[in-house]
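# Structural characterization, general
Here is how the chains run, residue by residue.
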Amino acid sequence: MNKSLTKIILSLTIVILIWNCKSKETKDVAPQSKDTENITVLEFTKAKEGFISDTLFQVAVSSVLETENARLEEAKTIAEQKSLNLLKTYTIPNLTDKGRKELREISKEGKIVDKNISVGGRYFFLYQIQKPNLKRLVTKDLE
């Protein structure tokens, strides 16, 4: 009887150890992929917006639409508006109608440059406007 009790206790101990090892492996796998997604999202959302250099202006946007064309179209529309709003913060306080129109045109001159980042159904894009002396134009030369 003593031997059978020892065998039962030993068997139960082994089963419990195996069960604990399996559950830890399963628990560790999910958070790592989640952490990778969070890092990617964090890196993207921390992407510098505004003037990167005197000739380059950038904003970051995202989309959850299903088709690639719809995502690109939505991203471009949002990016143009976001660029316009951010560019306004760099201009003189009282822009004329001509200056506002020129700023609108500048905001539409950009291109989507990074469109391959996708995390959890959300697609991330960088929109860049590149133009010689862009920073000077926006901050000083608009009327």
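Remember, it's a predicted structure, so these values are computed and weren't measured experimentally.

### Points about the overall build of the protein chain
- Helix and strand counts for the protein chain stand at four helices and four strands.
- Sorting the 143 residues of the protein chain into buried and exposed places 24% on the buried side.
- In the protein chain, once contacts between residues fewer than 6 apart in sequence are set aside, the share between residues at least 24 apart is 64%.
- Summed over its atoms, the accessible surface of the protein chain is roughly 10200 Å², and 56% of this surface lies on carbon and sulfur atoms.

### Some thoughts on the side chain of glutamate 80
- Within the secondary structure layout, glutamate 80 lies in helix α2 (residues 68–88).
- If we skip the residues at most four places from it in the chain, glutamate 80 touches Ser107, Lys108 and Tyr127.

### Re the confidence of the model for the protein chain
- Across the protein chain, the average pLDDT comes to 81, with 71% of residues at or above 70.
- Note that residues 23–32 has pLDDT below 50 and, in this model, zero contacts with residues that lie over four places away or in other chains.

What counts, and at which threshold
Residues numbered from 1 in each chain as written. Predicted model: local features only at pLDDT ≥ 70, side-chain atom pairs only at ≥ 80, totals over all residues. Heavy atoms only, no water. Helix = DSSP H or I, 4+ residues; strand = E, 2+ residues; numbered from the N terminus. Buried < 20%, exposed > 50% of the residue type's maximum accessible area, 1.4 Å probe, protein only. Contact = heavy atoms within 4.5 Å. Areas by Shrake-Rupley, 256 points an atom, 1.4 Å probe, with all protein chains shown as cover. pLDDT = per-residue confidence, 0-100.

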